[in-house]
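# Observations on the model geometry
So you can see what is in the structure, the chains are spelled out below.
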Amino acid sequence: MKRTLLTLVAIVAVAFTASAQKQDEQTLGFNLGYNTGKTTTKIQVNDKQSDPVTVLGGDNLGVGVEYGYFVIDNLRIGGRIDYGYTANGDKTHSLSITPNIAYYVRLADRFYYTPNFSIGFGLSTTGKSEYSDESFTMCGLATELQPLAVEFRPTERFAMSVSLCSLQYAFLSDTSKDTVLNQEITTKVSGSAFNFDLLANAQIGFKLYF
């Protein structure tokens with residue numbers, strides 16, 4: 001009985017510590033995503049600031065490409081470039097460039113749990129809308145955490161990934177100065193976006209290993 005118990009413990013230990021991906025492996029990936037959330041925008045002209053405008057919901061569709069390199073077994077670092085489009089009253093185009101890190105835990109043969117985190121640069125261009133008569137471009141910080149990400153690798157070179165939810169936050173801002181009737185006008189625009197929801201912030205991806 002004792003020997004059987006030790007054998008089971010050893011099997012479980014091997015399943016969770018066996019090398020998921022080897023050091024020096026590299027990946028190229030393509031991702032498709034969809035999320036909803038809320039965006040809060042503030043506009044300040046000289047010293048007068050407007051009331052924050054919060055837009056709930058909105059359908060954001062995104063595509064991205066990703067490169068990864070395993071610095072040690074199971075630990076991948078890399079970077080992503082993502083493009084997103086939102087049509088929620090103010091059509092918005094966004095671009096993010098984010099270094100990321102992921103850890104691979106083997107759950108079963110060729111099936112891995114891959115939580116990951118990314119942080120980097122974000123850029124957003126918003127056109128005229130029902131909330132503002134101005135179009136503006138903002139840049140700043142973009143972050144994302146995917147706590148429920150998994151990957152299935154049916155062959156040595158190909159893998160499919162799914163993220164059932166993600167926590168995303170971005171803070172972007174822009175400042176412009178104009179002169180009207182010999183008076184300098186400074187306009188500051190800042191926006192923050194927060195997205196987190198099970199299934200409503202989902203991504204699927206495909207990877208090639210080499």
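All chains use their own residue numbering, which begins from 1 and follows the written sequence. Selection of residues for local features in this predicted model requires a pLDDT of at least 70, selection of side-chain atom pairs for listing and counting requires 80 or more, and totals for whole chains, interfaces and linings are taken over all residues. Hydrogens are left out, water is left out, and the side-chain values use all remaining heavy atoms of the structure.

### Looking at the overall build of the chain
The secondary structure content of the chain amounts to one helix and 14 strands. Sorting the 210 residues of the chain into buried and exposed places 34% on the buried side. Only heavy atoms enter the contact rule, under which two residues are in contact if any of them lie within 4.5 Å. Of all intrachain contacts in the chain linking residues separated by at least 6 positions in sequence, the fraction that spans at least 24 positions is 63%. Here the accessible surface of atoms and residues is derived via Shrake-Rupley with a 1.4 Å probe, and residues count as covered only by protein chains that are part of the display. A total accessible area of about 12300 Å² is found for the chain, and carbon and sulfur atoms account for 64% of it. Numbering of helices and strands runs from the N terminus, with a helix taken as a DSSP run of H or I at least four residues long and a strand as a DSSP run of E at least two residues long. Exposure classes here rest on a 1.4 Å probe applied to the protein chains alone. A residue is buried below 20% of its type maximum, exposed above 50%, and partly exposed in between.

### Concerning the packing of aromatic side chains
In summary, the pairing rule links any two rings of Phe, Tyr or Trp, Trp by its six-membered ring, whose centres are within 6.5 Å, and it sorts them by plane angle into stacked for under 30 degrees, edge-to-face for over 60 and tilted for everything else. Enumeration according to the criterion identifies four aromatic pairs in this entry. An aromatic cluster is present here, built from F70, Y104, Y112 and Y209 joined pairwise through their rings.

### Looking at the pairing of strand β5 (residues 92–103)
Sheet topology places strand β4 (residues 75–86) next to β5; 12 bridges connect them, and they run antiparallel. Bridge pairing links G79 to P99 in β5. One requirement defines pairing of two strands: DSSP has to find at least two bridges between them. Note: β5 against strand β8 (residues 116–126), nine bridges, orientation antiparallel. Its bridge partner being in β8, A102 is matched across the sheet by N116.

### Description of the environment of L32
For L32, the location among the structural elements is in strand β1 (residues 26–45). For L32 and G62, which are 30 residues apart along the polypeptide, the C-alpha to C-alpha distance reads 5.9 Å. Residues within four places of L32 in sequence aside, it is in contact with G62, V63, A202, Q203 and I204.

### Digging into unusual backbone geometry
Outside of glycine, negative phi angles account for most residues, and trans bonds account for most peptide bonds. Phi is positive for D24, which is not a glycine, with a value near 80°. Within the secondary structure, D24 sits in the loop between α1 (2–17) and β1. Residues other than glycine seldom take positive phi values, yet R110 does so here, at roughly 70°. Among the structural elements, R110 can be located in the loop between β6 (105–108) and β7 (111–113).

### Structural notes on the environment of F210
Examined against the element boundaries, F210 turns out to sit in the segment after β14 (202–209). With 183 residues separating them along the chain, F210 and T27 place their C-alpha atoms 6.3 Å apart. Discounting chain neighbours no more than four positions away, the residues touching F210 are E25, Q26, T27, L28, Y67 and R157.

### Topic: the side chain of R76
By secondary structure assignment, the location of R76 is in strand β4. Residue class for R76 comes out buried when judged on its relative accessible area of 3%. Polar contacts, as counted here, are pairs of nitrogen or oxygen atoms within 3.5 Å of one another; within protein the pair requires one atom able to donate a hydrogen and one able to accept it, and residues that are adjacent in sequence qualify only if both atoms are side-chain atoms. Polar side-chain contacts of R76 include one of 2.8 Å to the side chain of Y104. Residue contacts for R76: discarding those within four places in its chain leaves T27, E66, G68, Y69, F70, N100, I101, A102, Y104 and K207.

### Some points on the pattern of salt bridges
The term salt bridge refers to a pairing of a side-chain nitrogen on Lys or Arg with a carboxyl oxygen on Asp or Glu at a separation within 4 Å. Tallied over the full model, the rule gives six salt bridges. For R110, the salt bridge goes to E156, with nearest N and O atoms at 3.8 Å. Placement of R110 in the loop between β6 and β7 and of E156 in the loop between β10 (149–152) and β11 (158–163) is noted, with a sequence separation of 46 residues between them. Notably, a salt bridge pairs K207 with E151, separated by 3.4 Å at the nearest N-O pair. Pair noted here: K207 is in strand β14 and E151 is in strand β10, with a separation of 56 residues, a long-range link.

### Here we look at the confidence of the model for the chain
Confidence scores labelled pLDDT are given residue by residue by the predictor and lie between 0 and 100. Predicted confidence across the chain gives a mean pLDDT of 79, with 67% of residues reaching 70 or more. Taken as a whole, residues 8–19 scores under 50 in pLDDT and shows 10 contacts with residues more than four places along the chain or in a different chain.

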